[in-house]
Every structure is written in structure tokens, then in C-alpha cells.
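# Summary of structural features
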Amino acid sequence: MWNPKTNGVVTTRDVIWLKQLYFEKPSGSQDLQVTSTVEQFKENTDSFEEIDEKGELESDTGSVATETMVGILRNQNQNDAPGARESDETDAPVTVTRYGREVRPPKLLMDEQARELRANAIELKYLGNLAELDNLEIKNLEIAMVGAGIGGGFTNTKELKVMNYKQAMASPRANEWKNEVKNEFERFQKFKAFTVVPRAQIPKDAILMSTTWAMKTKSNGSLRGRLNARGFEQVDGEHYFSDSIAAPVSNPSTIRVAWVLWCSNPKWIGKIVDVEGAFLQGQFRNGEIIYTEVPEGMEEFYGKREDVVLKMNVPIYGTKQAAACYYKTMIDKIKTYEFERSKADPCLYFKKKDGRLLIMVSWVDDFMVLGEEEDVDQVEKDLSEAFSCKPEGELKEYVGNKVEIVRSGNGLGVMKVTQPVLIQKLRDEYEIDEEKAPRIPAAAGSVLVKGVGGWDLDKKESTKYRSGTAVCMYIMQWSRPDIFNAVRNCARHMSKPNKVHQKALKNLMSYVVATKNRGLVLKPD
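Calculation notes
Residues numbered from 1 in each chain as written. Predicted model: local features only at pLDDT ≥ 70, side-chain atom pairs only at ≥ 80, totals over all residues. Heavy atoms only, no water. Pairing = 2+ DSSP bridges. Helix = DSSP H or I, 4+ residues; strand = E, 2+ residues; numbered from the N terminus. Core = buried A, V, L, I, M, F, W, Y, C linked by side-chain atoms within 4.5 Å. Buried < 20%, exposed > 50% of the residue type's maximum accessible area, 1.4 Å probe, protein only. Contact = heavy atoms within 4.5 Å. Axes fitted to C-alpha atoms, helices over the stretch in contact; angles between N-to-C directions. Parallel < 35°, antiparallel > 145°, perpendicular 65-115°, else oblique. Left-handed = near helix turned anticlockwise from the far one by under 90°. Nonpolar A, V, L, I, M, F, W, Y, C, P; charged D, E, K, R; others polar. Expected span 1.5 Å × (residues − 1). Polar contact = N/O pair within 3.5 Å; in protein donor to acceptor, adjacent residues only side chain to side chain.

## Focus on the sheet that holds strand β5 (residues 194-198)
- If you walk across this open sheet you meet the 4 strands as β5-β11-β10-β6, and the pairing is mixed. A single partner strand is all that each edge strand has here, and the edge strands are β5 and β6 (208-209).
- With 5 bridges connecting them, β5 and strand β11 (residues 308-312) associate as antiparallel partners. Opposite F194, over in β11, you have M312 as the bridge partner.

## Some thoughts on the nonpolar core
- If you look at the biggest cluster of nonpolar residues, it comprises 27 residues, and the most contacted ones within it are F188, F194, M298, Y302 and I316.
- Taken together, the elements giving at least two residues each to this core come down to α6 (165-169), α7 (174-190), β7 (211-217), β8 (223-229) and β11.
- For this core, the leading source of residues is α7, giving 4 residues.
- Excluding its chain neighbours within four sequence positions, the residues that come into contact with F188 are A193, F194, L227, L280, M298, Y302 and I316.
- In this structure, Y317, I331, L358 and F367 belong to the second largest nonpolar core, which totals 24 residues.

## As for the sheet that holds strand β13 (residues 348-353)
- Across the sheet, which stays open at both edges, the 6 strands sit in the order β12-β13-β14-β15-β9-β16 with antiparallel pairing between neighbours. Whereas interior strands pair on both sides, the edge strands pair on one side only; in this sheet they are β12 (340-341) and β16 (389-394).
- For strand β9 (residues 268-275) and β16, the ladder comprises 5 bridges, and the chain directions are antiparallel. Each bridged residue has a counterpart across the sheet, and for K271 the counterpart in β16 is E394.
- Together, β9, β12, β13, β14 (356-363) and β15 (366-372) form the strand contacts of helix α10 (residues 322-335), whose direction differs from that of β13 by roughly 5°.

## So, the packing of helix α14 (residues 484-491) against helix α15 (residues 499-514)
- The geometry of α14 relative to α15 is characterised by a closest axis approach of 10 Å and an angle of 150° between their N-to-C directions. As summarised for this structure, α14 and α15 are arranged roughly antiparallel, according to the angle between their axes. The chirality of how α14 crosses α15 is left-handed. Contacts from A486, V487 and C490 of α14 reach α15 at A504, L505 and L508.
- A class-by-class count of the residues in the contact of α14 with α15 yields 6 nonpolar, no polar and no charged.

## Here we look at the environment of M494
- Take M494: it is sitting in the loop between α14 and α15.
- Contact partners of M494, with chain neighbours within four places excluded, come to Y465, R466 and T469.

## Some remarks on helix α13 (residues 459-478)
- In this model, α13 (20 residues) spans 29 Å end to end at C-alpha, consistent with the 28 Å of a helix rising 1.5 Å per residue.
- Regarding α13, its N-cap is D458, as a side-chain oxygen of that residue lies 3.3 Å from the backbone nitrogen of K460 further along.

## Thoughts on unusual backbone geometry
- A positive phi is found at K192, a non-glycine position, where the angle reads about 50°.
- Tracing the backbone through its elements, the reader meets K192 in the loop between α7 and β5.
- The backbone phi angle of D354 is positive, close to 55°, even though this residue is not glycine.
- Looking at where D354 falls in the secondary structure, it is placed in the loop between β13 and β14.

## Comments concerning the side chain of N489
- With respect to the secondary-structure elements, N489 resides in helix α14.
- On the basis of relative accessibility, which here comes to 18%, the residue N489 falls in the buried class.
- If we skip the residues at most four places from it in the chain, N489 touches S446 and L448.

Rendered as C-alpha cells:
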């Protein structure tokens, strides 16, 4: 968009250009030849028919919405006739003063715009496509009910709450959690994470770190217990170095571009490779020496706390440098397989082989590999040689998103991205009433402002408000751009929310839950 004041051009994604003038044409200016709205609609209808012949997915809801908008358009064109315009002005109440002066109601800008604005073909297509998103179904797909983005292993998301060691051992599944503690010990043994050191042999000034457990039922129903160091106990310059703790993850825009390329290439497939115990496969880079106490539940494996301590051989989860050490190790190994790293995104890797492009994206320990089947299978083998990996098979979910793709007769794919687990989390944990769902994510014309004393939420409700807003922000970022403005309004008041903000957030959540089948559709042509 061009700014005439600064003579600069700004690129923005917050504007949908409808190709329609919204200001009055200056008097005396040369008449412009503008195609009427009806003519535009006819031309656009022809393009709709052409698209449908190419295999576009259709929706009954979308077609009904389009027909409805056509009816509105015809009524507007009829009402816009000169006679109708004059009758509107004549019907306006007129008051005559005793001096004979006629007093008419003021002409409001909003009224003038409402009279002049008409739905054109571009608006009709936009609104019709938006309506289709609710009921778009991608058929002939085998949906695996596993993964953080798909779920299937729980009835209520409250079951997925993270527990510490004592809470897990007091739960009905205590015996299963004991087995998971043993599994974590075996992972540490596999990567030689610890060395047992007699307590009497450690330096007298050594700082012993403590650990904590994060035990969670995953959305596919399996158990995962992870031992974490308490990184806040580390000392800068001794246990870590502050300039060597940052590690990147891929940008959501990069992942969406990769998905579009996947849809655009008929021969491409997508697979996921999971690096098991990723951070345990990193290496200390600066000669750090860290000692920890024997963790809860592991005394039977390492010995009593009174007698021994553990020396870290690799940066375990929770240490400040764990992510950076793993990322550097990962980059070193990926380079050996002749991948190039993107300058735009440090977690995007690609290479060309015999004219074929292969793309790989890393999100911490999850690799998304896209390309032709022969190349993707080879990458799976290479990663399994470089790391201890677990091939997850066909790409059906990634970073909490459920991914569905179907290809038409010409080979082009249509992808739909949804987040059913997070939406169920809103319903289960925030007491959302589905029967009283609003039709829009925020009340029309509402603007949230800072609260006045007496309306502020207490500490518990404020925490819940921030947590709910954060969930909506993640949903907005990946699959629901239609709630952007509503989420932004709520996010502005996370520091000091009040009851008005809370009501607005509940309204937003209700809308999201009610439109749970809506998602981001990628459809390159």
C-alpha cells in the first residue's frame, strides 16, 4: 500500500482489498468508467464455474451463503434506484421554524456509507468461502486418532494436567507411572547422561542442583514422565554461559509455506521423524561441570542420596543450555548430509537431487520432511543414523495441529489445518456453554479499555484469564485467523483484566468452540 505523505510502500496482511471506492468523487473530475456491481458479479460467477470444473471442494453452506448474498445484492441495487433514493430523503422528518427555516436531521457519515456501500463480487466470494470453512470436509482420508493435534486418548482435557512425582504416585495409575520412571532411567543410561560420584569426592564448594518430574498423560493416552533440572539454580559463568543458551524454532510462516509447496507438488509426500530424548543427545560445549542430587524415585537405580550424587555428562532437560547444545549438535550432523540451511529461517533445510527439491523443517525434536517418496525415505534413514529417532510415518499432525490433505484429479492438494484438542481444552476447562454461542467472535463495535476500580479480577481469575487468552492466541496463530482482532483486544489487558474483559474472552471462546470445524484451508492453484 502506498502512503502519499511519506511516498513509501508498506506491505501488510491486515487489509483485504475489495477494489471498491469508499470516498466521494470530487465534483468536476473526469468521469470514470466503472463496471457495475452486477456485471462484476456475472464475471466472477463465470470464474467460480471454471474453478469448480477444476475440482474445487464445494459446500452446501457456502453455496447457500453465496445465494443469500446475491439476493441482498439485488435488493440493494433495486433500492439504489433514483426513485428509491429520493423517497428516502423525502421521508426524513422536517421541522419548520416560526421564521420559515426548514430543519432536517443531520446526515451521518455512517448512514451515508451504509447507503453507498454495496456488496461486490469480491466480497461475495470472500463471504462465501468463509462460510464454507465451517463444513468443509476432506474425504477419503484415514484419520489416525493420535498426536497432540488430533487426540483420541482422553475424554476430558483435565486428564492431561502435568503432575509432579508425588501427585503421580498418589494417582490411580501409580504402577504405570513407576514403569515410566524406569523408562526414563533407561533413556539416561542409553545416552550416558549421568555418572555416579560418591558424595565425599565432590569439591567442597560444588553447588548441587535439584531436579523435578513433569508427568503427563499425552493426548493419545500414553504416559510420559520427564526428569528436569531446576535451571534457575544454575550459576552464570560456572554452570552455563549466558551467551550460549539461545536456540531457534521454525517460524509458523515457514511451515505454512512448506505446506503450500506440499500441496502444489503432486508427487510430494510428508512424513514426521521424532528425535527421542533430543536434549540428551546434545553435548556440553564450554566444559561445564554440574552435579545434581539423586532424583525422586531413582534411588533404587543410583543409590541413596546420603551416599552419592550424580554428575551430568550431557545437558538434561531443564538446564539453560540444553536447547542450544542440542541445536548445535543437530546442525553439525545435518550438514554431513549436504543440506543447505535457509538464510530466512535457521530451522529450514533443503537440498536438490537430480532436479528434485527436498525440504526439512525442525521444531525442537520433530522433523517434518517433504518431498518425493524416494528422497523422503532416504532422509528417514539418514536421520536414524545421525540420531536415535522414531519415524512417526505420514504427516497427520504437527506442532499441535491436525493436518488433512486430499488431492484432486490434477494432483494439486487442498489442506485443512484445525486444532481439535485445544478447542476441547477451551470447552472442558473454561466452562463454555455451547448452546449460547455468539455468531461473531466479539461484540460489534466493542472496544475493551482499562478497568476502573472495583471491577478487577482476583489473582486466581486473572491467571485463568491469561491462560485462556494464551490458548486463543495459539489457535489464532495456526488455524483461526478470523479471531485475530478479538484475541488482540483480550491480549492487551492481560496485566490487569477485569470482568468486562473476562466476559469478552468468554464470548470469544464460545465462538471458537461453536465453530470447531472451522480451520485454515490452503488451496494453491
